[in-house]
Amino acid sequence: MEWLEASTENCPVQRTLDVVGEKWTLLILRDAVNGVRRFDDFHRHIGLSEAVLSDRLRKLVTAGILNTVPYREPGSRSRNEYRLTRKGWDLWPALMALSQWGEAYTLGPEGPVLDIRHTDCDAPVRVVVECSADHSTLNPGDVTARLGPGARPRR
């Protein structure tokens with residue numbers, strides 16, 4: 001069976017996009033990675049409607065990407081902060097890769113909004129693909145894609 005004959009129903013890219021593949025969801029995740037926790041802060045910073053924000057936050061909590069932690073300001077009702085779970089933090093490399101691509105191909109002359117650097121040496125951070133045997137950075141020509149055990153024929 002070849003790639004074009006395989007069903008994509010079990011494709012991890014497709015399944016990931018089903019969960020986080022919407023613009024507002026990715027922007028919420030971007031902000032969560034950068035320390036935003038509260039509904040009003042997400043709303044103010046991203047600029048989407050309260051209804052859409054509520055829906056996206058609920059979906060991220062249901063998916064186990066964010067969890068809620070109650071807090072209460074003096075004199076106010078109890079509310080929830082939204083914090084990344086381990087599953088949510090595991091999306092950080094994907095967000096970094098999107099940012100890296102954007103800096104290379106869509107950035108204006110003013111430069112990036114955030115300058116992400118390694119704390120220990122102050123070098124810029126970049127996303128790379130490497131094999132699990134710790135070989136050097138790989139390019140698309142360095143890899144072979146084979147159908148995996150989840151491949152099924154297209155219907």
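Residues numbered from 1 in each chain as written. Predicted model: local features only at pLDDT ≥ 70, side-chain atom pairs only at ≥ 80, totals over all residues. Heavy atoms only, no water.

An unreviewed UniProt entry annotates the protein as Transcriptional regulator originating from Streptomyces diastatochromogenes.

Under the present numbering, the feature "domain: HTH hxlR-type" (unreviewed entry) in UniProt falls on residues 11-110. Secondary structure over residues 11-110 splits into 59% helix and 14% strand, and the C-alpha atoms at its two ends are 38 Å apart. (UniProt positions renumbered as here; feature names shortened; annotations may be inferred. Helix = DSSP H or I, 4+ residues; strand = E, 2+ residues; numbered from the N terminus.)

We now examine unusual backbone geometry. Look at Asp122: it is not a glycine, yet its phi comes out positive at around 70°. The backbone phi angle of Asp134 is positive, close to 65°, even though this residue is not glycine. Residue position: Asp134 is located in the segment after helix 6 (92-105).

A few words now on the nonpolar core. Within the largest apolar cluster, 20 residues are counted, with the highest numbers of intra-cluster contacts made by Leu29, Phe42, Leu57 and Ile65. Examining the composition of this core, we find that four residues originate from one element, helix 2 (residues 23-33), more than from any other. Not counting chain neighbours up to four residues away, the residues in contact with Phe42 comprise Ile28, Asp31, Ala32, Val36, Arg37, Gly47, Leu53, Leu57 and Tyr82. (Core = buried A, V, L, I, M, F, W, Y, C linked by side-chain atoms within 4.5 Å. Buried < 20%, exposed > 50% of the residue type's maximum accessible area, 1.4 Å probe, protein only. Contact = heavy atoms within 4.5 Å.)

Bringing helix 4 (residues 50-62) into the picture now. With 13 residues, helix 4 extends 18 Å between its outermost C-alpha atoms, agreeing within 8% with the 18 Å of an ideal straight helix rising 1.5 Å per residue. Considered for burial, the residues of helix 4 that qualify are Leu53, Asp55, Arg56, Leu57 and Leu60. For helix 4, the elements touching its buried residues are helix 1 (12-20), helix 2, helix 3 (39-46), strand 1 (66-72) and strand 2 (78-84). Note on helix 4: the residue one or two positions beyond its end, Gly64, has a positive phi of about 80°. (Expected span 1.5 Å × (residues − 1).)

Turning our attention to the pattern of salt bridges. On inspection of all chains with the given rule, the structure shows 13 salt bridges. The salt bridge partner of Arg56 is Glu22, with a shortest N-O separation of 2.9 Å. One end of the pair, Arg56, is in helix 4; the other, Glu22, is in the loop between helix 1 and helix 2, and 34 residues separate them in sequence. Take Glu22: its relative accessible area is 27%, and that puts it in the partly exposed class. The structure contains a network of salt bridges with shared partners spanning Glu22, Asp55, Arg56, Arg58 and Lys59. (Salt bridge = Lys/Arg side-chain N within 4 Å of Asp/Glu carboxyl O.)

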